[in-house]
Amino acid sequence: MDRRKFIKNSALASSLFFVPNFVKAFEPVTAKQLGYKRLVIVQLAGGNDGLNTIIPHNNDLYYNARPQLAITKGIIKLNDDLGFHPSLSPLRSLFDNGKLSIINNVGYPNPVRSHFRSMDIWQTASSSNEYLQSGWLGRYLDQHGDKPYNALEMDEQLSLAMKGEHFNGIATNDYKVLYNTAKDPYFKKVLNYNDAHLSEHNLGYLYQTMIEAESSASYIFENTNVKSSQESYPQNGFAKQLKSVAQFINSGLDTKVFYTSLGGFDTHASQNNKQTKLLSQYAESISAFVKDLKRNNTFEDTLILTFSEFGRRVKQNAANGTDHGAANNVFVIGKNLKKAGFYNDLASLSDLDGNGDLKYNVDFRSVYATILSSWLNVSAEGIIPSKQKALNFI
Amino acid sequence: MIQQELQHLYWRVGFGLNPANFNSLPKNRQQIVDAIFDNSKSTSPLKIDLSFMNGVTVKDLKENPKIARELRVTSRKKLADLNYAWLNQLVNTKELLREKMTLFWANHFVCKVNHVVFAQKFNNTLRTHALGDFKTFVKAISKEAAMLKYLNGKQNKKNQPNENFARELMELFTLGEGQYSEKDIKESARAFTGYNHDFDGNFRFKMKVHDQGEKTFFGKTGNFSGDDIIDIILEDKQCATYISAKIYRYFVNPKPNKKHIEAMANVFYKDYNIENLMRFVLLSDWFYDDENIGAKIKSPIEYLIGMVKTVPVKFEREKDLLKIQKLLGQTLLNPPNVAGWKGDKAWIDANTIMVRLKLPSVMLNNAVISSGENDELRKKYFKKNKGKLPIKVTVDWNTFSENYKNINPENLQDYILQGNSNKGTADFLKTLSKTSKQEYCVQLMSLPEYQMC
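Residues numbered from 1 in each chain as written. Chains lettered and ligands numbered in written order. Predicted model: local features only at pLDDT ≥ 70, side-chain atom pairs only at ≥ 80, totals over all residues.

Before going further, it helps to spend a moment on the overall build of chain B. Within chain B one finds 22 helices and six strands. With respect to the three principal axes, the spread of C-alpha positions in chain B is 75 × 55 × 40 Å. Within the span of chain B, comprising 453 residues, buried residues form 42% of the whole. The long-range share in chain B, meaning contacts at least 24 apart out of those at least 6 apart in sequence, stands at 74%. (Helix = DSSP H or I, 4+ residues; strand = E, 2+ residues; numbered from the N terminus. Buried ≥ 20, exposed ≤ 12 C-beta atoms within 10 Å, placed from the backbone. Contact = placed C-beta atoms within 7 Å.)

So, on to the interface of chain B and chain A. Across the boundary between the two partners, chain B contributes 37 residues, which contact 36 residues of chain A. Elements with a minimum of two residues in the side of chain B that touches chain A: α16 (319-328), α17 (350-364) and α21 (423-431) of chain B. When residues in the side of chain B that touches chain A are grouped by element, the largest group, six residues, is from α17 of chain B. Tallied by class, the residues present in the side of chain B that touches chain A amount to 18 nonpolar, 10 polar and nine charged. (Nonpolar A, V, L, I, M, F, W, Y, C, P; charged D, E, K, R; others polar.)

Moving on to the domain arrangement of chain B. Residues and elements named next belong to chain B. Structurally, chain B comprises domain 1 (27-235) and domain 2 (300-451). Here the C-alpha centre of domain 2 lies 34 Å away from the C-alpha centre of domain 1. Tallied by class, the residues present in the side of domain 1 that touches domain 2 amount to 12 nonpolar, two polar and two charged. (Domains from an automatic or database assignment.)

The next point concerns helix α22 (residues 437-445) of chain B. Within α22 of chain B, the full set of buried residues consists of Y440, C441, V442, Q443, L444 and M445 of chain B. The secondary structure elements touched by the buried residues of α22 of chain B are α8 (185-192) of chain A together with α15 (300-310), α17 and α20 (412-416) of chain B.

With that out of the way, let us pick up the confidence of the model for chain B. On average, residues of chain B score 94 in pLDDT, and 98% of them are at 70 or above. Scoring of the predicted complex yields 0.84 for pTM and 0.90 for ipTM. (pLDDT = per-residue confidence, 0-100.)

Attention now moves to unusual backbone geometry. Residues and elements named next belong to chain B. Of note, L333 is a non-glycine position whose phi angle comes to about 75°, a positive value. Since 20 C-beta atoms lie within 10 Å of it, L333 is described here as buried. Of note, A367 is a non-glycine position whose phi angle comes to about 70°, a positive value. Mapped onto the elements of the fold, A367 is located in the loop between α17 and α18 (375-384).

Further remarks concern the pairing of strand β9 (residues 302-308) of chain A. Residue and element names in this part refer to chain A. For β9, the buried fraction is high: six of the seven residues fall into the buried class. Examined bridge by bridge, β9 and strand β10 (residues 328-333) share three bridges and lie antiparallel to one another. Note that in β10 the partner of I304 across the bridge is I333. (Pairing = 2+ DSSP bridges.)

Turning our attention to the environment of I103 of chain A. All names here are of chain A. Mapping I103 onto the fold places it in strand β5 (residues 100-107). Separated by 271 residues in the primary sequence, I103 and S374 have C-alpha atoms spaced 16 Å apart. Beyond its immediate stretch of four places on either side in the chain, I103 contacts N329, V330, V332, Y343, N344, V362, V367 and F393.

Here the focus is the pairing of strand β8 (residues 257-263) of chain A. Residues and elements named next belong to chain A. A large share of β8 lies buried, amounting to five of its seven residues. By the bridge criterion, seven bridges tie strand β1 (residues 38-45) to β8 in an arrangement that is parallel. Bridged to V42 within β8 is T260. Sheet analysis places strand β6 (residues 151-153) next to β8, joined by three bridges and oriented parallel. By the bridge assignment for β8, L152 is matched with F258.

This next bit is on the sheet that holds strand β2 (residues 54-56) of chain A. Residues and elements named next belong to chain A. Within the open sheet, the three strands sit side by side as β2-β4-β3. Their pairing is antiparallel. Single-partner strands in this sheet number two, and they are β2 and β3 (76-77). Inspection of the sheet shows β3 paired to strand β4 (residues 82-84) by two bridges, in the antiparallel sense. Counted as the bridge partner of I76 is F84 from β4.

It is worth spelling out the packing of helix α12 (residues 237-251) of chain B against helix α13 (residues 258-271) of chain B at this point. Residue and element names in this part refer to chain B. It is at 8 Å that the axes of α12 and α13 come closest, and there the two elements cross at 125°. Relative to α13, the element α12 lies oblique. Of the two elements, α12 crosses α13, and the hand of that crossing is right-handed. Contacts between α12 and α13 involve K237, A240, T241, I243, S244, A245 and Y248 from the first element and H260, I261, M264, A265, F268 and Y269 from the second. Tallied by class, the residues present in the contact of α12 with α13 amount to nine nonpolar, three polar and one charged. (Axes fitted to C-alpha atoms, helices over the stretch in contact; angles between N-to-C directions. Parallel < 35°, antiparallel > 145°, perpendicular 65-115°, else oblique. Left-handed = near helix turned anticlockwise from the far one by under 90°.)

The next point concerns the nonpolar core. The nonpolar side chains of a soluble globular protein tend to be buried, and buried together. Core analysis: the largest hydrophobic core is formed by 223 residues, its most contacted members being I103, V367 and Y368 of chain A together with A119 and A146 of chain B. No other element matches the 10 residues that helix α9 (residues 202-223) of chain A contributes to this core. Not counting residues within four places of it along the chain, the set of residues in contact with V367 of chain A comprises I103, V106, V330, V362 and L391 of chain A. (Core = buried A, V, L, I, M, F, W, Y, C linked by C-beta atoms within 7 Å.)

Residues and elements named next belong to chain B. Residue placement: M363 occurs in helix α17. Placed 79 residues apart in sequence, M363 and V442 show a C-alpha to C-alpha distance of 9.7 Å. Contact partners of M363, with chain neighbours within four places excluded, come to V313, I391 and V393.

As structure tokens, this is what we get:
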């Protein structure tokens, strides 16, 4: 950050902080303006088995590769080839009404089968032999955000995806706790004594971040209307995250990006029970979330992207589970999709890569680039490092 | 040396200075620095209980997937034990500089494995070479089982070369980005083919998959081995400059000073002896310049260990230690990627600053920073959480009182904080009551200034 901008920002932040009812100084009108687009990310951590999520129910190769693991009962057939896992029934109406687009075979060249590394690749939008230290959403907000609360993650810890070169979002699984922590009278006194100019060195940066944390915590707390979400959600941690997101969106918070996560998909053994439970949690929670947004007329300005760091091996293993694979499906949910339903066909189950995994034919970075240009209306340049062709799902 | 310089030195080679030790230290710089190196002559490797691997053979793993799975689970649990053992060593060690350098090298030769035997072995290799000969060090790293796994050295074979290690060797470990061509990477990868390890993690060279053909690397042609490649890389002075710059940013100031780094590189290039380089740094006048004192943002580990060394605590649940590391953004043995933790400003975001400002009071004083002030809030919190704090520790204030007994409460800030305070904060501190040294200590630790070292 150059010096002028630094002083301007910190002066603004500190003056806001010391106005007694300073929250009023914020004008959340921008958020309420028509066409304020929001993006909600859902990360299925652990590597969701895409083949048992969107099932090729007419394909012998699928059944042969998974004698004990293939889903045979209760498949919700969506067309002649593909169908939902039974747990996804709450998403049926979204699919039928053109609010869900399923992109098959999403991945990247030379796929990495380590959870951590592949998650980093997805979060930073890097290639598999490139190490980036900032995330794609963070870089988006480097260019198009100015307050930490422009990006909120429903967790205790901020994911790499939400860290830019300069920008950092806010992570909180309970915004009231964050507010109460930040409100400690001791911190307030410390800052009261420091309304002079902050230095540009590291210590100044610490004070500036402290001020931003306080003002962000207050901004979120004061502007969130708990009653804005009346929908009943299922009882699980993921649903709780989405309910908070709905409250923030319906309250008109000036937040562009929300990040949520559901973990436990690393099903090396006894996969069916685990995945059935997790996909139910996912589908029921998403369904409640979309209803909540619709009731508040915020659905049309919200796009929900669901991804996992990789799919799983086509062939099941000896423990009735699956090992780490490669390409996987991605779900995009929104009101005005250009191409709803299946965006593309499932890749061939006979033409697998050397590890016996699905080959990708849609680069995940082209999904990101499309969301940036067609949904958030910004150029992907400087955010997605490699040139990607735009897709036409939105 | 004056107190401020001493504290500065001890923050950089360790985790701060116990004021009770002031008087027992030698008087001049040379003697003090000599003593620091003397204390780090020995090496104390980490040794956790790994008996769960006793008698296990390759055959067991291959033939019995259930055993293999159980061992993997145990190994991951043991990694937590290794993490605690390392933290414990950082708190209690006499080999201050060796341990601080080990921490530095762990974020230079970045590596992460779930195999706890390999992880411990790798960690001890960092410790062994921490102050030794850099050339030997790099060669040892290239042969570590953990590294062969992490950067796919095992998959690097004559007919299917894997360039991962060769690339990072130059980009991250020795020269820095843009100092080599893609062709150099390809050719050097060939020299490392055949590197492998046995079941126990000892290095094994597999001649059958080694590419014995001629390689052309950095303009030289020959039937190079992996060690030859490392020798050739280190002939480039850029390597000495690259390492010196990194050491400068870590031990002196995150803002590089070209002149000082160049002077360091001249020393280092002579023999690549790490101890000589560090002696040069710690004996330089510029090391003690005002602009370097308190200029660094503590890493989460420096912050945590420093706090525990000032006020000793016992963690009642070891897993709280993992929780704290995670919240602060640095879990030992679990780096984010091969580039390691970015450090400096990247440690601090809105979340981590709040955790850092709040943690001392939560750990040491029942979440009270300033008594009588946030009682309402605390009551609500305790009611909601059945009277429990998120972290369970026993605090040893007696040792603190003993160590700080000769310090006037009015001067405590000069011992707890490093470098200059913000003007406003200095004024604010004057208004605080100093009747309780303990409470004042917690208040000082709850300041942005406490994040600096």
